[in-house]
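A closer look at the structure
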Amino acid sequence: WRLMDFFRMLGLLDDENTYAVPRVLLGACGVVIIGMLVPQTMFWGEFEVGVLATLSPASELPHVWPTTGLIGFEMDSALNCLIVGFAKLMVISFTVA
């Protein structure tokens, strides 16, 4: 809800959907920034699930480039798995908004 409130505060929500393109661009920036920090959030499904389920290194993600991201984030602990989960929820909220 807060993301939609943020878009509403910026004036990007209206009944006629006249600001769809700026809203999409802002949402895409959010997805890309999160994906650059936590590349595991950029997985699509069946090809990447094996890498994520076995906690393999991010360099094995087949459809993500660069696989190391900006900070070299890896899923090597329970806390990092939790971070990936929350980051994925944020990415999904950007795509829905």
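Residues numbered from 1 in each chain as written. Predicted model: local features only at pLDDT ≥ 70, side-chain atom pairs only at ≥ 80, totals over all residues. Heavy atoms only, no water.

Focus: the confidence of the model for the chain
Across the chain, the average pLDDT comes to 83, with 97% of residues at 70 or higher. The element-level mean pLDDT for the chain is lowest in helix α3 (residues 49-53), coming to 80, with helix α2 (residues 20-37) highest at 89. (pLDDT = per-residue confidence, 0-100. Helix = DSSP H or I, 4+ residues; strand = E, 2+ residues; numbered from the N terminus.)

Re the environment of Val 84
Residue placement: Val 84 occurs in helix α4 (residues 78-96). Sequence separation between Val 84 and Gln 40 is 44 residues; the distance between their C-alpha atoms is 6.7 Å. Contact partners of Val 84, with chain neighbours within four places excluded, come to Val 38, Gln 40, Thr 41, Phe 73 and Met 75. (Contact = heavy atoms within 4.5 Å.)

Focus: α4
For α4, which comprises 19 residues, the first-to-last C-alpha distance of 27 Å matches the rise-based estimate of 27 Å (1.5 Å per residue) to within 8%. Every buried residue of α4 is accounted for by Asn 80, Val 84, Ala 87, Lys 88, Val 91 and Phe 94. Along the axis of α4, the buried positions cluster into a sector of 115°, meaning they face one direction only. Opposite its buried face, α4 presents the exposed residues Ala 78, Leu 79, Phe 86, Leu 89 and Val 96, each directed more than 90 degrees away. Tucked inside the fold, the buried residues of α4 contact α1 (2-9) and α2. (Expected span 1.5 Å × (residues − 1). Buried < 20%, exposed > 50% of the residue type's maximum accessible area, 1.4 Å probe, protein only. Arc of directions from axis to C-beta.)

Examining the packing of α2 against α4
α4 packs onto α2 with a crossing angle of 160° between their chain directions and a minimal axis gap of 8 Å. Here α2 is positioned roughly antiparallel relative to α4, judged by the angle of their axes. Read as a crossing pair, α2 and α4 show a hand that is left-handed. Here α2 contributes Gly 27, Gly 30, Val 31 and Ile 34 to the contact with α4, which in turn contributes Ala 87, Met 90, Val 91, Phe 94 and Thr 95. Per-class residue counts for the contact of α2 with α4 are six nonpolar, three polar and no charged. (Axes fitted to C-alpha atoms, helices over the stretch in contact; angles between N-to-C directions. Parallel < 35°, antiparallel > 145°, perpendicular 65-115°, else oblique. Left-handed = near helix turned anticlockwise from the far one by under 90°. Nonpolar A, V, L, I, M, F, W, Y, C, P; charged D, E, K, R; others polar.)

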